[in-house]
Amino acid sequence: MKKKLIVAAGTVVLVLVIVLGCVLFWNSRREEQPPEISAVVVSSRLEQVSELATARYFYTNMGVFEDSNDFYGIKIPFTTKRFIVSYDGTILAGVDLAAADVVITDTALTVRLPEAAVLAHEIDEDSLEIYDETKNIFNPITLSDYNGFQADQKAAMEAKAVENGLLTQAKAQAVTITSQVLTPLADQYGLLLSVE
């Protein structure tokens, strides 16, 4: 009877040692393996930022509007309307991080940003100054004249800003900022970061 009790106690102790060893082994294995990183995790971090405005273009411009009524291509005398306007504006450019392409391999994290685009264009209403406004009773200046002129001027100034390298600067800044945001994450998982 004593032998049976000793054998039973030894068996219970042996089973407890084996169970405890397995638990400790699995816990240590779980601590050694870092949690998995996925493209979805990185994409969601980038989407939280959404549109990243990285470059501003400030300008002052002066534009001339002139129009007259015509009859089969011939300008009708005394129907010319004209105004000259000067104004200040700001163009914001950047990238939409929600459209970024994220690729993760065993050793690298690669982020391909979309091309930079104009995100906003505002004209400072307080800076508007009108010079030489010619009024004509036969062809008055209308609100649609001002609105059409403003839309044309915005398009011309955006084209000039792009020509002066606004989008190139915005893309370069977006690459730098995205790299700074994702470097700690890449370092945490031991991945080589590449932002394009």
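A short tour of the structure in this document, coming up.

So, how was this worked out
- Residues numbered from 1 in each chain as written.
- Predicted model: local features only at pLDDT ≥ 70, side-chain atom pairs only at ≥ 80, totals over all residues.
- Heavy atoms only, no water.
- Core = buried A, V, L, I, M, F, W, Y, C linked by side-chain atoms within 4.5 Å.
- Buried < 20%, exposed > 50% of the residue type's maximum accessible area, 1.4 Å probe, protein only.
- Helix = DSSP H or I, 4+ residues; strand = E, 2+ residues; numbered from the N terminus.
- Contact = heavy atoms within 4.5 Å.
- Phe/Tyr/Trp six-rings, centres within 6.5 Å; stacked < 30°, edge-to-face > 60°.
- Expected span 1.5 Å × (residues − 1).
- Pairing = 2+ DSSP bridges.

### Details of the nonpolar core
Membership of the largest hydrophobic core comes to 33 residues, with the highest contact counts inside it found for Val 42, Leu 46 and Val 111. Elements with a minimum of two residues in this core: helix H2 (39-49), strand E1 (51-67), strand E4 (81-96), strand E6 (108-112), helix H3 (143-163) and helix H4 (166-189). Filtering out sequence-adjacent residues up to four positions away, Val 42 remains in contact with Ile 37, Val 102, Ile 104, Leu 109, Leu 182 and Leu 185.

### Concerning the packing of aromatic side chains
Working definition: an aromatic ring pair is given by the centre-to-centre distance plus the angle between the planes. Counted by the stated rule, this structure contains two aromatic pairs. With a centroid separation of 6.3 Å and an interplanar angle of 35 degrees, the aromatic rings of Tyr 57 and Tyr 59 are classed as tilted. For the pair Tyr 57 and Tyr 59, one class covers both residues: buried. With a centroid separation of 6.1 Å and 85 degrees between ring planes, the pair formed by Tyr 59 and Tyr 87 is classed as edge-to-face. Here the residue Tyr 59 occupies a position in strand E1, and Tyr 87 occupies one in strand E4, the gap between them amounting to 28 residues.

### Considerations on the environment of Gly 165
Relative to the elements of secondary structure, Gly 165 occurs in the loop between H3 and H4. According to the relative accessible area criterion, Gly 165 is partly exposed, its value standing at 22%. Spatially, the C-alpha atoms of Gly 165 and Tyr 57 are 9.9 Å apart, while their sequence positions differ by 108 residues.

### Some words on H4
Here H4 spans 35 Å end to end across 24 residues, near enough to the 34 Å set by a 1.5 Å rise per residue. Listed as buried for H4 are Leu 166, Ala 170, Lys 171, Ala 174, Thr 178, Leu 182, Leu 185 and Ala 186. Just past H4, the residue Gly 190 takes up positive phi, approximately 70 degrees.

### Observations concerning the pairing of E6
The two faces of the sheet receive side chains in turn, since in a regular strand these alternate between them. Extensive coverage of E6 is indicated by the burial of four of its five residues. Here four bridges tie strand E5 (residues 101-104) to E6, and the two strands are oriented antiparallel to one another. Along E6, the bridge assignment pairs Val 102 with Val 111. Hairpin connection, E5 to E6: the antiparallel pair is bridged by three residues. Alignment of E6 against strand E9 (residues 192-195), held across four bridges, turns out to be parallel. Residue pairing in the sheet places Thr 110 in a bridge with Ser 194 of E9.

The values reported here are purely geometric and, on their own, carry no functional implication.
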